[in-house]
Every structure is written in C-alpha cells, then in structure tokens.
Amino acid sequence: MDTISENKCFGGTQGVYSHASAATGGTMTFGLFLPEEAANGPVPVLIYLSGLTCTHENAMTKSGAQAFAAEQGIALVFPDTSPRGEDVADTDGFDMGLAASFYFDATQDPWKPHYQMETYITRDLMQALADFPLDMDRVSITGHSMGGHGALTLALKHPDMFRSVSAFSPICHPTASDWGQRQFEGYLGSDKSAWAGHDATSLMRSRGYDKPVLVDQGTADQFYDKLNTGDFAAACADARADAQIRLQSGYDHSYFFIASFIADHVDFHAQALYA
C-alpha cells in the first residue's frame, strides 16, 4: 500500500492510496475518507462507484459526501472506474475502455486480461481496506450512472457483502440500452444469455433482493432515455423489494444533482449499517 496524499477533512482524514491488484494485473488507486471515530476503532464503510469518464477523484472532490459521512461516523471509499496502465486496452470512445469498465469481469479479448473489476471490487479492494480501521462486516454501496449500475448489480450478485444499496441516475437496464448493448458485446461476447447476469433489472427479476434499495433519478436528466429507471422500478415492484425509486423534478445527470441528495443517501445507508 502506497500513500499518495492525506488531508484533514471534517475532523477526519481524506486519503488517496494505491496498491497492486491481482485481478486487474496492475496498480489501482482509491480514495478513502476516515471519520474522526476511526481513531478509536473500526467504523462502517460506504463504497461509492463513479460513472463514465471518471476516476477516484470525481465524487471525492465534488459530491460533498464527507461532511455527512463525518456526522454519521462512516468511512467513504472511492475506487477508480477501471484498470490503468500502458498495456491496458482502450478505445477512442468515452463509453468503453478506460474509465468505462461497467464493474464486471470481461470475458473477451483484449479486455479480459485487465478488466476484472467485479473481482477487484469484491476481493482485492476489500483486502486492501483491511489495512485500515474499518468494520468490513458493515459495508454498503452506492454509485452514479455507470457506477450506479455497478452498485446495483454488485449488491444483487453479492447480497451477503453489502447491507444496503443506492444509486444516482443508474444505468438500470443496460441490455436494453445504447449504454450497455455495445459494451456488453465487446466485454462479454455476442451470447446475450451471458448479459442478464450483469443487468440490474434482469437480476431483480430473477433473484429479487431483501436489502434496502434507494434510487434517485432526475426528470431533466439528459440521458434519461438510456437509463430505463422505469424498468427497474417495475422489477422491484414485481419482486416486492424494499425499494424507494424517487424521481426528482428538474434535476439533471450532473454532480449538482448528486450533491443535492447525497445527504439522503448517507443517512439511508447509516440506518442499515447501524441496524
């Protein structure tokens, strides 16, 4: 573990760290906010997955989440959105390749050697976090856009790992969206039967979910038609999931939207983490 930076923040510490990952075959970077309470013992954890084009920095510097996490005594983890390095495959577009991992394990070349982000988040990152005063039995997950897709799917696939899940403007049904179909074919191959296991709407329909769910979606989101929030809401209703799907009037896809409702999400997860 290498320390890149550490800064005093809301009585705690906002750090940035890097470590080797066997899953991605390279060095990964993440941000970690430790509240003041971490000086006295392990604290619960909220993982935040960012969206397309982002790094670990975007939510760390723009969301304002640290203020509310400090109030609740909760640590925040901001992982990177993809593997990095000169030998890591990429494309010219913003929605596939670097910063566009979709948080699952790719099965197709040239992506397969490094784009193993589900294994990274659920194994390598968790192992790295064990070096800090964190209660790894109390972990929740949230995210935005592609990261909202990642949060929902990882929670649905690993229900014993996370106590609650939330998302801002998530890609809810990628197998039925322009934000999903091309990427899934590239990362996972042309067999569409393999895609459903990485689609939040399909997973909710097939598995259900017995932990709390919160989704916020802006009605003025410029990518509204790509996100398919209604499909996920219908799947939650059919599964009788403990889910709140909120449409927020006039809000778009930006970090201004996230900053406006991040306090609600931190409070939502605090209820599950301290239950």
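Please refer to the structure higher up on the page.
Residues numbered from 1 in each chain as written. Predicted model: local features only at pLDDT ≥ 70, side-chain atom pairs only at ≥ 80, totals over all residues. Heavy atoms only, no water.

**Let's talk about the side chain of serine 177**
- Along the polypeptide, serine 177 turns up in the loop between β7 (165-168) and α5 (181-188).
- Within the structure, the side chain of serine 177 is placed 2.9 Å from the backbone nitrogen of tryptophan 179, a separation counted as a polar contact.
- Beyond its immediate stretch of four places on either side in the chain, serine 177 contacts Lys226 and Asn228. (Helix = DSSP H or I, 4+ residues; strand = E, 2+ residues; numbered from the N terminus. Polar contact = N/O pair within 3.5 Å; in protein donor to acceptor, adjacent residues only side chain to side chain. Contact = heavy atoms within 4.5 Å.)

**A word on the pattern of salt bridges**
- Here the structure, examined in full by the defined rule, presents eight salt bridges.
- Among the ionic pairs, aspartate 124 bridges to arginine 123, the shortest N-O distance being 2.6 Å.
- Each of Asp216, Arg246 and Asp264 takes part in one network of salt bridges that share partners. (Salt bridge = Lys/Arg side-chain N within 4 Å of Asp/Glu carboxyl O.)

**Regarding helix α9 (residues 255-273)**
- At phenylalanine 261, α9 shows its maximal kink, close to 50 degrees.
- N-capping of α9 is provided by serine 254, with a side-chain oxygen placed 3.2 Å from the backbone N of phenylalanine 256. (Bend = angle between axes of the 7 residues up to and from the residue.)

**A look at the packing of helix α6 (residues 200-207) against helix α8 (residues 229-239)**
- As a packed pair, α6 and α8 sit with axes 9 Å apart at the nearest point and diverge in direction by 10 degrees. Between α6 and α8, the interaxial angle falls into the category roughly parallel. For the pair formed by α6 and α8, the contact residues are Ala200, Thr201, Met204 and Arg205 on the first element and Asp231, Phe232, Ala235, Cys236 and Ala239 on the second.
- Its residues assigned to classes, the contact of α6 with α8 comprises six nonpolar, one polar and two charged. (Axes fitted to C-alpha atoms, helices over the stretch in contact; angles between N-to-C directions. Parallel < 35°, antiparallel > 145°, perpendicular 65-115°, else oblique. Nonpolar A, V, L, I, M, F, W, Y, C, P; charged D, E, K, R; others polar.)

**Quick look at the environment of glutamine 72**
- Within the secondary structure layout, glutamine 72 lies in helix α2 (residues 65-72).
- For glutamine 72, a relative accessible area of 26% corresponds to the partly exposed category.
- With 69 residues separating them along the chain, glutamine 72 and isoleucine 141 place their C-alpha atoms 15 Å apart.
- For glutamine 72, the residues in contact, after removing those within four places along its chain, are Val266, Asp267, Ala270 and Tyr274. (Buried < 20%, exposed > 50% of the residue type's maximum accessible area, 1.4 Å probe, protein only.)

**Quick notes on empty space enclosed by the protein**
- Using the criterion set out here, one finds one cavity of 30 Å³ or more in the structure.
- Volume-wise, the largest cavity comes out at about 40 Å³.
- For the largest cavity, the full set of lining residues is Leu46, Tyr48, Ala65, Leu76, Phe78, Thr142, Ile262 and Val266.
- For the lining of the largest cavity, the secondary-structure elements that each account for two or more residues are β4 (43-49), β5 (75-79) and α9.
- For the lining of the largest cavity, the residue count by class is seven nonpolar, one polar and no charged. (1 Å grid on protein atoms, 1.4 Å probe; cavity = no way out; pocket = protein on both sides within 12 Å on 5 of 7 lines; lining within 4 Å. Points joined across faces, edges and corners; volume = space filled by probe spheres on them.)

**Comments concerning unusual backbone geometry**
- Here the residue pair aspartate 109 and proline 110 is connected by a cis peptide bond, since its omega of 5 degrees sits within 30 degrees of zero.
- In this fold, proline 110 is placed in the loop between β5 and α3 (117-129).
- Even without being a glycine, alanine 99 presents a positive backbone phi close to 65 degrees.
- By secondary structure assignment, the location of alanine 99 is in the loop between β5 and α3.
- The residue asparagine 228 is not glycine, and still its phi comes out positive at about 60 degrees.

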